[in-house]
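# Architecture and fold: a report
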Amino acid sequence: MELCDKSAYDLSRLLRKREVSAREIVESVLLRIDEKEPLIHAYITVTRDTALAQADRADQLLAQGGDIAPLTGIPIAIKDLLCTRGIKTTCASKILANYVPPYNATVVDRLFQQGAILVGKTNMDEFAMGSSTENSAFGVTRNPVDPQRVPGGSSGGSAAGVAAGEAIAAIGSDTGGSIRQPASFCGIVGMKPTYGRVSRYGLIAYASSLDQVGPLCRSVEDCALLLNAISGHDRRDSTSVDTPCPDFLGSLDQDLNGVRIGLPKEYFVKGMDPAVKEKVMEAVSFLERNGAHVQEISLPHTPYAVGTYYLIATAEASSNLARYDAVKYGVRPPDEFEDIIAMYQQARSEGFGREVQRRIMLGTYVLSAGYYDAYYVKAQKARTLIREDFSKAFEEVDCLVTPVSPCLPFNLGEKVAEPLQMYLVDIYTVSANLAGVPAMSINCGTVGNLPVGLQIIGKPFDEEMLLRVAHAYQRLSGGNAHGF
Ligand code: GLN
């Protein structure tokens, strides 16, 4: 096994024992990037020089001995919607093609403080709108498991990069499934923490009441390691919650005895691929055989989740994306204009891709006078009902187990012409964002060679329960994160 295929957890132990150097790890990752990148295209920007310089600094620190930060020497990739000082941050959009932020997102600063090395900025759906990474202005990302297929989205570059050995771990964002679904499609681990757990300062906003930052990695241990590094209160993000963060690695070694797992009956309905259902049910019985108590529960408002999500997410996006006016932000066309409206029009028509334009229009419509009550206010009411479904379920159980996606990774191009089909792929993931609860995806096997993801959803601020169940599953089943 090459260094670039190992987990962060294993590499950090090798580094501490001086069996490898940070430079060797980074060089292994960069070599893999050279090999795979022409096909996979996980990155928008590879930060080769930064990575090598950071590796040398890590090696100096290691040589000095003493206490070393947990992520020292670990190469990490960051989705191209988190601001990195002096490094282009495009959000996979033409409108931000030349944007170089003057500051780091809090998550980026924290990773650096923990010793992590930045390998590059990963490809994504433009402004995180999509489920396949086909909506990037800079070309599609391919799934390393099968390059004819999508890696999922919108954090497809982060997931594909980790699965292909082009990064040891990665950071993504999840507004309606964008960490969990690509993790599922690429056979790795991904977590959307509780809304408020991780700072979003320096995250380019899509839908602010839903957006959350989280890790994509090779193992549950790595997920805990990264979560330790990035979570915690930040006074620069007013939605970040000032609540204690446990040592997430500490929750890993408990067993499943006494854990009450709920199976939401509305999640196993027709329309899902029977092969996915079979794998998920096999995982459920495995958990049951190993000490968990499984019971059926109901989340009765599930049928409204996708509609509610696409009304709220687009409404917030239409407001958040108003700042790209070619004055404050955005590339300004070189032409002469009659007036400022003509300039806005041309800059935004040329700068935004079709899906982003579609969502701005939909969002503006649902917020407009005369339609606001019928759509936006209605959606907010439905959101409350969906959130209450979860609170009621968590009176009876400790976590929920569901599929991540109703289908296997699909072919490139298969759903691009039909936005509604693409939106329906999000059916199992959007509710956790609407309710603000934590949720993660771990691999539970393959159909042919295509990975299937198992979703574990927990109570607010109880990421420890998710990690406990996920780690027990991985440890007891002998399943690693990626089977290739
Ligand atoms: N696929 C969903 C959307 O397109 C979710 C995206 C995300 O989580 N960023 O909005």
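Residues numbered from 1 in each chain as written. Predicted model: local features only at pLDDT ≥ 70, side-chain atom pairs only at ≥ 80, totals over all residues. Heavy atoms only, no water.

### A closer look at the site of the ligand
What surrounds the ligand is a group of 15 residues, the closest being Thr175, Gly176, Ser178, Tyr206 and Tyr309. For the ligand, an oxygen atom lies 3.4 Å from a polar atom in the side chain of Tyr310. The contact in question runs from an oxygen atom of the ligand to an N or O atom on the side chain of Arg359, over 2.8 Å. With the chains in place, 100% of the 290 Å² that the ligand exposes on its own is no longer accessible. (Near = heavy atom within 4 Å. Polar contact = N/O pair within 3.5 Å; in protein donor to acceptor, adjacent residues only side chain to side chain. Areas by Shrake-Rupley, 256 points an atom, 1.4 Å probe, with all protein chains shown as cover.)

### Brief notes about the packing of helix H11 (residues 354–367) against helix H12 (residues 372–396)
For the pair H11 and H12, the least separation of the axes is 7 Å and the interaxial angle reads 105 degrees. As judged from the angle between their axes, H11 and H12 are roughly perpendicular. For the pair H11 and H12, contact is made by Tyr365, Val366 and Leu367 and by Tyr372, Tyr375 and Tyr376, respectively. (Axes fitted to C-alpha atoms, helices over the stretch in contact; angles between N-to-C directions. Helix = DSSP H or I, 4+ residues; strand = E, 2+ residues; numbered from the N terminus. Parallel < 35°, antiparallel > 145°, perpendicular 65-115°, else oblique. Contact = heavy atoms within 4.5 Å.)

### Digging into the packing of aromatic side chains
For any pair of aromatic rings, geometry is given as the distance between the ring centres together with the angle between the planes. Scanning the entire structure with this criterion turns up 16 aromatic pairs. Plain terms: the ring middles of Tyr310 and Tyr423 are 4.1 Å apart, the flat faces sit at 15 degrees to each other, and that makes the pair stacked. Placement of the pair is Tyr310 in helix H9 (residues 305–320) and Tyr423 in helix H13 (residues 419–424), with a sequence separation of 113 residues. Comparing Tyr310 with Tyr423, the two get one shared label, buried. Judged by centre distance (6.0 Å) and plane angle (45 degrees), the rings of Tyr365 and Tyr375 are tilted. Here Tyr365 is found in helix H11, whereas its partner Tyr375 is found in helix H12, with 10 residues between them in sequence. A relative accessible area of 38% means that Tyr365 is categorised as partly exposed. The exposure class assigned to Tyr375 is partly exposed, which follows from its relative accessible area of 33%. Each residue in the set Tyr99, Phe127, Tyr324, Tyr329 and Phe352 is aromatic and connected to the rest through ring pairs, giving one cluster. (Phe/Tyr/Trp six-rings, centres within 6.5 Å; stacked < 30°, edge-to-face > 60°. Buried < 20%, exposed > 50% of the residue type's maximum accessible area, 1.4 Å probe, protein only.)

### As for the environment of Ala137
Mapping Ala137 onto the fold places it in the loop between strand S3 (117–122) and helix H5 (156–164). Ala137 sits in the partly exposed class, given a relative accessible area of 37%. If we ignore the near neighbours within four places in the chain, the residues touching Ala137 are Ala92, Ser93 and Lys94.

### A closer look at helix H15 (residues 463–477)
For H15, built from 15 residues, the straight-helix expectation of 21 Å at 1.5 Å per residue is met to within 8% by its first-to-last C-alpha distance of 21 Å. Taken across its 15 residues, H15 has 11 buried, putting it largely inside the fold. On its buried side, H15 packs onto strand S5 (189–192), helix H7 (220–230), helix H8 (274–289), strand S9 (399–403), strand S10 (439–447) and strand S11 (450–458). Once H15 finishes, Gly478 follows within two positions and takes phi at roughly 70 degrees, a positive value. (Expected span 1.5 Å × (residues − 1).)

### Digging into unusual backbone geometry
The peptide bond linking Gly153 to Ser154 adopts the cis configuration, its omega dihedral lying at 10 degrees. Examined against the element boundaries, Ser154 turns out to sit in the loop between S3 and H5. The phi angle at Thr133 is positive, at roughly 60 degrees, despite the residue not being glycine. By the secondary structure assignment, Thr133 is in the loop between S3 and H5. Within the chain, Ala326 stands out as a residue other than glycine whose phi angle is a positive 70 degrees. If you trace the backbone, Ala326 turns up in the loop between H9 and helix H10 (340–351). Judged by relative accessible area, Ala326 falls into the buried class, the value being 5%.

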